[in-house]
Amino acid sequence: MKTHILNKMRNVEVEKYLDRGRDVIFIPVGTVELHGDLPLDCETIYVEAIAEKMAEATDSLSLTGLPFFYPGATRTGRGTVYLSIAEGASYLRQLSDSLLKQGFRKQIYVSGHGPAYLTINSFIMDAFHDKKVPFVHISLLQAIQIAKDNGWQVTDIPFKELMYGAYKQMNQLDYLFVDPDAGQEEEPFHAASENPLKSAVQRLNAVATSPGNVGFFYEEFSDHGGGEGCRSIAERDELALKGTKMIDDFVRFFNPQQVIDDLNQIDLATEKRIIPRYPHLK
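What you see is a predicted model, and the numbers here were worked out from it, not measured in a lab.

When helices and strands are counted, the chain shows nine helices and four strands. Along its sequence from the N terminus, the chain presents helices and strands in the succession α-β-α-β-α-β-α-β-α-α-α-α-α. Radius of gyration (C-alpha) of the chain: 20 Å, near the 19 Å computed for a compact globule of 282 residues. Principal-axis analysis of the C-alpha atoms places the extent of the chain at approximately 65 × 45 × 35 Å. Taken across its 282 residues, the chain has 46% of its residues classed as buried. Residue pairs at least 24 apart in sequence account for 76% of intrachain contacts in the chain once pairs closer than 6 positions are excluded. Carbon together with sulfur atoms contributes 51% to the accessible area of the chain, which is approximately 15,000 Å² in total. Treating the 29 positive side-chain charges of the chain as one cloud and the 39 negative ones as another, the clouds have centres 10 Å apart.

Here's what the structure looks like:
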């Protein structure tokens, strides 16, 4: 195959893939929202690139990034596109039904957006109880920690490098902002304790799974930043090249094949043992 992205394939290639008994597809779920000096679609491009690499590593397919979903507190920026959680879950449910009928029984939804689980997990649970077919959600916020636990040698989360690497991988590097004055003036740091809103949100986020347990808006655009742009094309390209290697290393250490194997075990147990034993579940 020239590509593992279903949208870019010919139908005959998809038919051959499914006829080989393969049934795995990665679905990248993103957002279009305020993100500092990064493009508004950065969390869509980011998961699209990683989903493609996971597909390549596991003889699977992926979709192009799905962009418009619940953004959360970033609606203060007029570049942010808003869909409700329920609307996003309904769309994913219809998409998953189509993919299942096409032959994609192993569906893996990939996100890099904090509140994405509110949309994805709710749809996955409802779909399972209806279809009795397990789908799974990979949140890159957790997956990166798993990769680190498996030996990936990075400090913190190399967010900017991964983002730049994703834009390079998806041939969209020119959309990244370049500013000769980037980083010359540092924005003053304000601790949460100095801001009553941030302090209240932090305390309430601690009492339940968050984000998503309390509604709020970011007061400043900088509250959801993505770092300043690069000072030159050369700096941008160097960071992007470093980022593409980081994406490859992350996928290798995360090992998406284990996710597929575990999903298969759940599917087999459900179909072959649990449903026959408890027929009222049908």
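In this section: the state of the cysteines. Enumeration over the complete set of coordinates arrives at zero disulfides. Looking at the unpaired Cys-230, the closest cysteine sulfur is the one in Cys-42, lying at 14 Å. On the basis of relative accessibility, which here comes to 0%, the residue Cys-230 falls in the buried class.

Here the focus is empty space enclosed by the protein. Here the idea is plain: a probe the size of a water molecule rolls over the atoms and shows the empty space left. Using the criterion set out here, one finds one cavity of 30 Å³ or more in the structure. Around the largest cavity, the lining residues are Val-29, Gly-30, Thr-31, Phe-69, Tyr-70, His-113, Ala-116, Thr-119 and Ile-120. No other element matches the three residues that helix H4 (residues 116-131) contributes to the lining of the largest cavity. Its residues assigned to classes, the lining of the largest cavity shows five nonpolar, four polar and no charged.

Turning to unusual backbone geometry, a few remarks are in order. The step from Ser-210 to Pro-211 runs through a cis peptide bond, and the omega angle for that step is 0 degrees. Along the chain, the position of Pro-211 falls in the loop between helix H7 (196-205) and helix H8 (233-254). Unlike most non-glycine residues, Asn-255 shows phi in positive territory, near 65 degrees. Here Asn-255 shows up in the loop between H8 and helix H9 (256-277). Of the residues examined, Asn-255 reaches a relative accessible area of 34% and is grouped as partly exposed.

In this sheet, strand S4 (residues 136-139) lies alongside strand S3 (residues 106-111) in parallel orientation, the contact comprising four bridges. Pairing of Val-110 across the sheet is with Ile-138, part of S4. For the segment spanning S3, H4 and S4, crossover handedness is right-handed.

A few words now on the side chain of Gln-169. Here Gln-169 shows up in helix H6 (residues 159-169). Within the structure, Gln-169 has its side chain in polar contact with the side chain of Glu-52 (distance 2.8 Å). Beyond its immediate stretch of four places on either side in the chain, Gln-169 contacts Ala-49, Glu-52, Lys-53, Thr-244 and Ile-247.

Turning our eyes to something else, we now look at the side chain of Glu-52. With respect to the secondary-structure elements, Glu-52 resides in helix H2 (residues 42-57). Of the side chains with opposite charge, Lys-53 comes closest to the buried, unpaired Glu-52, at an N-O distance of 6.2 Å. Those residues in contact with Glu-52 that lie beyond four places of it in its chain are Thr-3, Ile-5, Ser-62, Gln-169 and Met-170.

Strands sit in the order S2-S1-S3-S4 across an open sheet of four strands; the sheet is parallel. Each edge of the open sheet is held by one strand with a lone partner, namely strand S2 (61-62) and S4. Here six bridges tie strand S1 (residues 24-29) to S3, and the two strands are oriented parallel to one another. Across the sheet, the residue bridging to Pro-28 is Val-110, located in S3. On the sheet, helix H3 (residues 85-102) packs against S1 and S3 and is oriented at approximately 145 degrees with respect to S3. Sheet strands touched by helix H5 (residues 140-149): S3 and S4. Its angle to S4, the strand with the most contacts, is close to 70 degrees.

All right, on to the pattern of salt bridges then. Pairs may arise between side chains of opposite charge once their charged atoms sit close together. Applying the stated criterion across every chain, the model contains 16 salt bridges. The partner of Lys-53 in a salt bridge is Glu-56, with the nearest N and O atoms 3.6 Å apart. With Lys-53 and Glu-56 both in helix H2 and three residues apart, the pair spans about one turn of that helix. Each of Asp-23, Arg-105, Lys-106, Asp-267 and Glu-271 takes part in salt bridges that share partners, so that together they form one network.

Cut-offs applied
Residues numbered from 1 in each chain as written. Predicted model: local features only at pLDDT ≥ 70, side-chain atom pairs only at ≥ 80, totals over all residues. Heavy atoms only, no water. Helix = DSSP H or I, 4+ residues; strand = E, 2+ residues; numbered from the N terminus. Rg over C-alpha atoms; globule rule 2.2 N^0.38 Å. Buried < 20%, exposed > 50% of the residue type's maximum accessible area, 1.4 Å probe, protein only. Contact = heavy atoms within 4.5 Å. Areas by Shrake-Rupley, 256 points an atom, 1.4 Å probe, with all protein chains shown as cover. Lys, Arg positive; Asp, Glu negative; His and termini not counted. Charge placed at Lys NZ, Arg CZ, Asp CG, Glu CD. Disulfide = S-S within 2.5 Å. 1 Å grid on protein atoms, 1.4 Å probe; cavity = no way out; pocket = protein on both sides within 12 Å on 5 of 7 lines; lining within 4 Å. Points joined across faces, edges and corners; volume = space filled by probe spheres on them. Nonpolar A, V, L, I, M, F, W, Y, C, P; charged D, E, K, R; others polar. Pairing = 2+ DSSP bridges. Right-handed = clockwise from strand over helix to strand, strands pointing away. Polar contact = N/O pair within 3.5 Å; in protein donor to acceptor, adjacent residues only side chain to side chain. Salt bridge = Lys/Arg side-chain N within 4 Å of Asp/Glu carboxyl O. Axes fitted to C-alpha atoms, helices over the stretch in contact; angles between N-to-C directions.

Shape descriptors only; they carry no functional weight alone.
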